[in-house]
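The residues making up each chain are set out below.
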Amino acid sequence: MAEFRFEFQIKGLEQLKTQPARFEKAYQEAGKEAMVQATAVLARAIVLRFERPAAGLPPAINTGLLRNSVAWRIPRVDGRTIEGGVGTNIAYALPMEFGSRPHWPPRAAIEFWVKRKLRVPAQQAGAVAFLIARKIARRGTAPRRIFALGLEDAKPRMTEIFSRLPKLILEKMDAAA
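Conventions we followed
Residues numbered from 1 in each chain as written. Predicted model: local features only at pLDDT ≥ 70, side-chain atom pairs only at ≥ 80, totals over all residues. Heavy atoms only, no water. Core = buried A, V, L, I, M, F, W, Y, C linked by side-chain atoms within 4.5 Å. Buried < 20%, exposed > 50% of the residue type's maximum accessible area, 1.4 Å probe, protein only. Helix = DSSP H or I, 4+ residues; strand = E, 2+ residues; numbered from the N terminus. Patch = residues over 30% accessible without salt bridge, like charges linked within 9 Å, V, L, I, M, F, W, Y side chains within 5 Å. Areas by Shrake-Rupley, 256 points an atom, 1.4 Å probe, with all protein chains shown as cover. Salt bridge = Lys/Arg side-chain N within 4 Å of Asp/Glu carboxyl O. Lys, Arg positive; Asp, Glu negative; His and termini not counted. Charge placed at Lys NZ, Arg CZ, Asp CG, Glu CD. Phe/Tyr/Trp six-rings, centres within 6.5 Å; stacked < 30°, edge-to-face > 60°. Expected span 1.5 Å × (residues − 1). Bend = angle between axes of the 7 residues up to and from the residue.

Novice: Help me out: how do you make sense of the nonpolar core in this one?
Specialist: Here is a general trend for soluble globular proteins: nonpolar side chains tend to be buried in one another's company. Counting 31 residues, the largest nonpolar core has L42, I46, F50, V70, V86, M158 and I169 as the members making the most contacts within it. If you list the elements that add at least two residues to this core, you get α1 (20–51), β2 (81–87), α6 (146–163) and α7 (165–176). One finds I110, V114, V120 and I136 within the second-largest nonpolar core, a separate group that totals six residues.

Here's what the structure looks like:
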């Protein structure tokens with residue numbers, strides 16, 4: 001799974017630590033809630049980027065398998081660290097994201113793509129697929145940066161979510177009182 005980290009620092013939390021036990025519980029609960037919201041926002045932004053990738057590139061969708069595999073994971077809380085993640089378990093996600101060095105791609109996959117995306121008749125698909133495979137064997141593939149662009153799209157909303165964290169912590173501390 002490809003991994004992107006989004007780190008943030010919230011200033012002013014020291015002022016909230018007047019009651020350590022309540023603070024810790026409230027921090028973990030509020031942080032987990034914020035992380036769930038932020039990772040959901042990020043996953044949605046990435047999925048949307050498959051439909052509108054970088055300028056000049058067509059939608060990065062063939063079967064929709066990679067797009068549909070994008071998921072966020074349940075946040076993990078460990079003391080003051082709250083980790084969330086968005087990713088995929090599809091093997092070709094990394095070459096799609098970062099590009100690939102020259103190699104001979106699987107012929108069947110290229111032929112399927114040629115028939116589906118280029119709408120080439122079956123009797124000509126093998127020849128067209130060979131030409132595309134040969135180009136990939138010579139030049140590799142360009143990076144699509146769908147996850148990175150999705151992260152850029154989501155950063156303002158994620159920052160907004162995390163900027164409300166101190167207030168959410170105070171609300172949870174008051175509710176626990």
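Further notes follow.
Novice: Whenever I open this one, unusual backbone geometry confuses me. Can you help?
Specialist: Excluding glycine, residues mostly have negative phi values, and the peptide bonds linking residues are mostly trans. In the Ramachandran plot, R119 falls in the positive-phi region, its phi being about 55 degrees despite a non-glycine side chain. Assignment of secondary structure puts R119 in the loop between α4 (107–117) and α5 (122–139). One non-glycine residue, R145, lies in the positive phi region at around 55 degrees.

Novice: Can you help me understand a positive patch on the surface in this one?
Specialist: Among the surface-exposed residues, R134, K135, R138 and R139 lie close enough to one another that they form a single positively charged patch. Here R134 is to be found in helix α5. Judged by relative accessible area, R134 falls into the partly exposed class, the value being 30%.

Novice: Sorry if this is basic, but what is going on with the packing of aromatic side chains here?
Specialist: Each pair of aromatic rings is reported with the distance of its centres and the angle of its planes. Scanning all chains against the criterion turns up two aromatic pairs. Ring geometry for W104 and F130: centres 6.0 Å apart, planes at 25 degrees, overall stacked. Taken together, the positions of W104 in the loop between α3 (93–98) and α4 and F130 in helix α5 put the pair 26 residues apart, joining distant regions of the chain. On the basis of relative accessible area, W104 is assigned to the exposed category, the value being 55%. The exposure class of F130 is partly exposed, given its relative accessible area of 40%.

Novice: What is the right way to read the pattern of salt bridges from this model?
Specialist: Side chains carrying opposite charge are able to pair once their charged atoms draw close together. Within the structure shown, the criterion is met by eleven salt bridges. The salt bridge involving E29 is made with K25; its shortest N-O contact spans 2.6 Å. Here K25 and E29 lie together in helix α1, a separation of four residues that amounts to about one turn. Since its relative accessible area comes to 53%, K25 is described here as exposed. For the salt bridge of E33 with K172, the shortest nitrogen-to-oxygen distance reads 2.7 Å. Taken as a pair, E33 in helix α1 and K172 in helix α7 lie far apart in primary sequence, 139 residues in all. For E33, a relative accessible area of 35% gives the class partly exposed.

Novice: So what exactly am I meant to see when it comes to α6 here?
Specialist: Compared with the 26 Å implied by 1.5 Å per residue over 18 residues, the 26 Å span of α6 between its first and last C-alpha is a close match. When the local axis directions of α6 are compared, the greatest deviation, roughly 45 degrees, occurs at K155, which is followed within four positions by the proline P156. Three or more residues of α6 are buried, namely I146, F147, A148, L149, G150, L151, A154, M158, I161 and F162.

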